[in-house]
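Observations on the model geometry
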Amino acid sequence: MISDIQQGAATRMGKSIEALKHEFSKIRTGRAHPSLLDQITVSYYGNESTLSQVANIAVEDARTLTITPWEKAMVQAIEKAILKSDLGLNPATNGMVIRIPLPSLTEERRRTLVKVVKNEAENGRVAIRNIRRDANAEIKDALKEKLVSEDEAHNGEEKIQKLTDQYVKEVEKLLEAKEADLLSI
């Protein structure tokens, strides 16, 4: 019983870490990375499709992305979608290839991004603590229903706390790495 609760909590905490990594990947550091364009959608034969479904996205160099659409007719639609996005990017078209130079980040913008990253990390920590609270509530319910003994419940709560501490440390490591990445020039 306790091990099932612990296993469920560990799975949910792992998913919180994955969600945090995904959020961190959206925050750009000034380096070109194809995931920067993940949220951009383009109208493709009447359907909204992500950019990666209608074109090949590649990294040309540290500050330039290239987009090669599967069809020539998509070049203008892709260009418009990039301009409309809130990323502040200016695509340059050369026939079938769209180049996107990434501007370098100013010190002020880097500091702002660090604040955003810290906020995301705090959201991750809160999510992990909420999972701990839910798991402890399940253990207490099992204790009330006499499905587990008091000792088992106490040991289960300790294990959940150790699990929580482990995942919060992982959030801290991710935060440190992302901060260092943002502040490096």
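The structure displayed is predicted, hence computed values, not measured ones.

Quick look at the pattern of salt bridges
All told, the structure shown has eight salt bridges when counted by the stated rule. Here the salt bridges share partners, and the residues they tie into one network are E122, R125, R129 and E172.

Overview of the nonpolar core
With 28 residues, the main nonpolar core has I128 and Y167 as its most contacted residues. At the level of secondary structure, the elements contributing two or more residues to this core comprise α1 (2-26), α4 (107-144) and α5 (150-183). Leave out the neighbours within four places in its chain, and Y167 touches A10, M13, G14, I17 and I128. Within the second largest apolar cluster, 21 residues are counted, among which are L37, V42, I67 and M74.

Some thoughts on the pairing of strand β3 (residues 55-61)
As judged from the six bridges shared by β3 and strand β4 (residues 64-69), these two strands associate in the antiparallel manner. What sits directly across from A55, in β4, is P69. The loop that links β3 with its antiparallel partner β4 comprises two residues.

A word on the sheet that holds strand β5 (residues 92-94)
One open sheet accounts for four strands, arranged β3-β4-β6-β5; its pairing is antiparallel. Edge strands, defined here as strands with exactly one partner in the open sheet, are β3 and β5. The average undirected angle you get between the axes of adjacent strands in this sheet is 25°. The strands touched by helix α3 (residues 74-84) within the sheet are β3, β4, β5 and β6 (97-101), with β4 carrying the most contacts at an inclination of about 140°.

Points about the confidence of the model for the chain
Residues shown with low pLDDT carry predicted positions that ought not to be read at fine detail. Overall, the prediction assigns the chain a mean pLDDT of 86, with 97% of residues at 70 or greater. Here strand β1 (residues 41-44) is the element of the chain with the lowest mean pLDDT, 84, and α5 is the one with the highest, 92.

Examining the packing of α1 against α4
Packing of α1 against α4 brings their axes to within 10 Å, and their N-to-C directions diverge by 170°. Between α1 and α4, the angle falls in the class roughly antiparallel. Across from I2, I5, A9, R12, M13, S16, I17, L20, E23 and F24 in α1, the residues of α4 making contact are V117, E120, A121, A127, I128, I131, R132, D134, A135, E138 and I139.

Concerning unusual backbone geometry
Unlike most non-glycine residues, Y45 shows phi in positive territory, near 55°. Mapped onto the elements, Y45 comes out in the loop between β1 and β2 (47-50). Not every positive phi belongs to a glycine, and K146 is a case in point at roughly 60°. Assignment of secondary structure puts K146 in the loop between α4 and α5.

Some points on the pairing of β2
Relative to β2, β1 runs antiparallel, the two sharing four bridges. Residue T41 lies in a different strand from β2, and its bridge partner there is T50. In this structure, the hairpin formed by β1 and β2 is closed by a connection of two residues, where Y45 is found at a positive phi of approximately 55°.

Some remarks on α3
What sets the pattern is the α-helix's 3.6 residues per turn: residues three or four places apart point alike. Among all positions of α3, only M74, V75, I78, E79, A81 and I82 are buried. End-on view of α3: buried residues confined to an arc of 165°, all on one side of the axis. Turned more than 90 degrees away from the buried face of α3, the exposed residues are Q76, K80, L83 and K84. Those residues of α3 that are buried lie in contact with β1, α2 (51-54), β3, β4, β5 and β6.

Section: the packing of aromatic side chains
Scanning the model with the defined rule gives one aromatic pair in all. For the pair Y44 and Y45, a centre-to-centre distance of 4.8 Å together with 65° between the ring planes defines the contact as edge-to-face.

Procedures and definitions
Residues numbered from 1 in each chain as written. Predicted model: local features only at pLDDT ≥ 70, side-chain atom pairs only at ≥ 80, totals over all residues. Heavy atoms only, no water. Salt bridge = Lys/Arg side-chain N within 4 Å of Asp/Glu carboxyl O. Core = buried A, V, L, I, M, F, W, Y, C linked by side-chain atoms within 4.5 Å. Buried < 20%, exposed > 50% of the residue type's maximum accessible area, 1.4 Å probe, protein only. Helix = DSSP H or I, 4+ residues; strand = E, 2+ residues; numbered from the N terminus. Contact = heavy atoms within 4.5 Å. Pairing = 2+ DSSP bridges. Axes fitted to C-alpha atoms, helices over the stretch in contact; angles between N-to-C directions. pLDDT = per-residue confidence, 0-100. Parallel < 35°, antiparallel > 145°, perpendicular 65-115°, else oblique. Arc of directions from axis to C-beta. Phe/Tyr/Trp six-rings, centres within 6.5 Å; stacked < 30°, edge-to-face > 60°.

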